[in-house]
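Single-letter residue listing:
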Amino acid sequence: QVQLVESGGGLVQAGGSLKLSCAAPGSIFSISTMGWYRQAPGKQRELVAFITSGGSTNYAESVKGRFTISRDNAKNTVYLQMNSLKPEDTAVYCCNAVRTRLGIKSYDYWGQGTQVTVSS
């Protein structure tokens, strides 16, 4: 059973910052695309950002310019630096590790999530 372990969530005031971390097994980390997703109450899960094994990144429009995803292959950890947080960023944030070859997913693992709450 592959475990992704998130940390760094919490309560912060609007305009503040938080940094999320997600540790993955070394056996998969360097070859995986790592992503952060979030789900707010009553809403569908949405992609926040992802970073490929080669370091290419992609962000949801709603977080561009405020959030930064990065990875440290030596530590098998992906990060999400969240700045200028807004109340609408409140959600459970989940880490994802996926590998796709020739259009077919080899695996798709999820963490349990960490709560981020932004007060106004």
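Calculation criteria
Residues numbered from 1 in each chain as written. Predicted model: local features only at pLDDT ≥ 70, side-chain atom pairs only at ≥ 80, totals over all residues. Heavy atoms only, no water. Helix = DSSP H or I, 4+ residues; strand = E, 2+ residues; numbered from the N terminus. Rg over C-alpha atoms; globule rule 2.2 N^0.38 Å. Contact = heavy atoms within 4.5 Å. Areas by Shrake-Rupley, 256 points an atom, 1.4 Å probe, with all protein chains shown as cover. Lys, Arg positive; Asp, Glu negative; His and termini not counted. Charge placed at Lys NZ, Arg CZ, Asp CG, Glu CD. Core = buried A, V, L, I, M, F, W, Y, C linked by side-chain atoms within 4.5 Å. Buried < 20%, exposed > 50% of the residue type's maximum accessible area, 1.4 Å probe, protein only. Pairing = 2+ DSSP bridges. Polar contact = N/O pair within 3.5 Å; in protein donor to acceptor, adjacent residues only side chain to side chain. Axes fitted to C-alpha atoms, helices over the stretch in contact; angles between N-to-C directions. Salt bridge = Lys/Arg side-chain N within 4 Å of Asp/Glu carboxyl O.

**Thoughts on the overall build of the protein**
Across its full length, the protein carries one helix and eleven strands. Scanning the protein from its N terminus toward the C terminus, one meets helices and strands in the order β-β-β-α-β-β-β-β-β-β-β-β. For 120 residues, the compact-globule formula gives about 14 Å, and the C-alpha radius of gyration of the protein, at 14 Å, lands near that figure. Its C-alpha atoms give the protein principal-axis dimensions of about 45 × 30 × 25 Å. Across the protein, every contact between residues at least 6 apart in sequence was considered, and the portion connecting residues at least 24 apart equals 52%. Total accessible area on the protein is roughly 6,500 Å²; 47% of this is exposed by carbon and sulfur atoms. Once the 12 positive and 7 negative side-chain charges of the protein are each reduced to a mean point, those two points are 5 Å apart.

**Quick look at the nonpolar core**
Met34, Trp36, Val78, Leu80, Met82 and Tyr93 are the most contacted members of the largest nonpolar core, which totals 30 residues. Those elements giving two or more residues to this core turn out to be β3 (18-23), α1 (26-29), β4 (33-39), β5 (46-51), β7 (67-72), β8 (77-82), β9 (91-101) and β11 (114-119). Not counting residues within four places of it along the chain, the set of residues in contact with methionine 82 comprises Gly16, Ser17, Leu18, Leu20, Arg66, Phe67, Tyr93 and Val116.

**Quick look at the pairing of strand β10 (residues 104-110)**
Inspection of the sheet shows β9 paired to β10 by six bridges, in the antiparallel sense. The residue of β10 that forms the bridge with threonine 100 is lysine 105. The hairpin turn running from β9 into β10, its antiparallel successor, is two residues long, and leucine 102 in that turn takes a positive phi close to 55°.

**Thoughts on the side chain of aspartate 89**
Looking at the secondary structure, you find aspartate 89 in the loop between β8 and β9. The exposure class of aspartate 89 is buried, given its relative accessible area of 1%. Among the polar contacts listed, one links the side chain of aspartate 89 to the side chain of arginine 66, at a separation of 2.7 Å. Excluding residues that lie within four positions of it along the chain, aspartate 89 makes contacts with Arg38, Arg66, Phe67, Ser84, Val116 and Val118.

**Side note on the sheet that holds β7**
Pairing within the open sheet is antiparallel, and its four strands lie in the order β1-β3-β8-β7. Among the strands making up the open sheet, the edge pair consists of β1 (5-7) and β7. Across this sheet, the average inter-strand angle for adjacent strands is 15°, counted without regard to direction. Two elements, β3 and β8, share six bridges in a ladder whose sense is antiparallel. The residue bridging leucine 20 from the neighbouring strand is leucine 80, located in β8.

**Concerning the pattern of salt bridges**
Note that side chains of opposite charge can pair when their charged atoms are close. With the rule as written, the count across this model stands at five salt bridges. Across the salt bridge formed by arginine 38 and aspartate 89, the nearest N and O atoms sit 2.9 Å from each other. Taken as a pair, arginine 38 in strand β4 and aspartate 89 in the loop between β8 and β9 lie far apart in primary sequence, 51 residues in all. Of the charged contacts, one joins lysine 64 and glutamate 61 as a salt bridge, the two residues approaching to 2.7 Å between their closest N and O atoms. Owing to a relative accessible area of 46%, lysine 64 belongs among the partly exposed residues under this scheme. Residue class for glutamate 61 comes out exposed when judged on its relative accessible area of 63%.

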